[in-house]
Amino acid sequence: SIEIKFNDSSKLCVSTFYRYDYSKKDTLDSIEKYYRELCKKYSKIVIIGDLNLSSVKDWSCPISTNELHNDYIKLFFELGFQNLINEPTHKDGNTLDLLLTNQPGLIKDICITPDLICPSDHYS
């Protein structure tokens, strides 16, 4: 995570997150501890990354048949985060790469494009 300080003295924390698809419950526990502490320190947080929650088919109403995926959804909801990516970010049609924030009004526009810089199965 990085802290960005603005001219008006406000701060924004930007955090990257990669969850490999076979991570277990103990990984969730450490992630929960980390982000709960971050939320105590910062009022404006943006989390970007590949969370590999492939069982979530619609991020406008995020539910899953996978219990661990639901635990991640519940955690971020409890912390006040909202996902702003609602379209596929992977060539197979899944939304794996998320932009989570507790301040959705900070972000005006998001554009998902096929990766033009280096070949990948994810879009950027």
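These numbers come from a predicted model, not from an experiment.

Definitions and limits used
Residues numbered from 1 in each chain as written. Predicted model: local features only at pLDDT ≥ 70, side-chain atom pairs only at ≥ 80, totals over all residues. Heavy atoms only, no water. Helix = DSSP H or I, 4+ residues; strand = E, 2+ residues; numbered from the N terminus. Buried < 20%, exposed > 50% of the residue type's maximum accessible area, 1.4 Å probe, protein only. Contact = heavy atoms within 4.5 Å. Areas by Shrake-Rupley, 256 points an atom, 1.4 Å probe, with all protein chains shown as cover. Expected span 1.5 Å × (residues − 1). Arc of directions from axis to C-beta. Polar contact = N/O pair within 3.5 Å; in protein donor to acceptor, adjacent residues only side chain to side chain. Pairing = 2+ DSSP bridges.

Tallying secondary structure elements over the protein chain gives two helices and five strands in all. Beginning at the N terminus, the succession of helices and strands in the protein chain can be written as β-β-α-β-α-β-β. Here the protein chain holds 124 residues, and the buried ones make up 40% of them. Sequence separation of at least 24 residues holds for 59% of the intrachain contacts in the protein chain that already meet a minimum separation of 6. A total accessible area of about 7800 Å² is found for the protein chain, and carbon and sulfur atoms account for 53% of it.

To continue, consider helix α2 (residues 67–78). Under the 1.5 Å per step criterion, the end-to-end length of α2 is 16 Å for twelve residues, consistent within 8% with the ideal 16 Å. Of the residues making up α2, those classed as buried are L68, H69, Y72, I73, L75 and F76. Angular distribution of buried residues about the axis of α2 spans 160°; they occupy a single face of the element. Turned more than 90 degrees away from the buried face of α2 sit E67, K74 and F77, all of them exposed. Residues of α2 that are buried make contact with β2 (11–18), α1 (25–41), β3 (45–50) and β5 (97–101). Sitting at the head of α2, N66 places a side-chain oxygen 2.9 Å from the backbone nitrogen of L68.

Examined bridge by bridge, strand β1 (residues 2–5) and β2 share four bridges and lie antiparallel to one another. Note that in β2 the partner of I4 across the bridge is L12. Following β1, the chain reverses through five residues before pairing antiparallel with β2; S9 in that reversal takes a positive phi of roughly 75°.

With that settled, the discussion passes to the environment of V14. Relative to the helices and strands, V14 is located in strand β2. Residues contacting V14, with those up to four places away along its chain left out, are S1, I2, I4 and V46.

Spatial relationships are all this shows, so hold off on functional conclusions.
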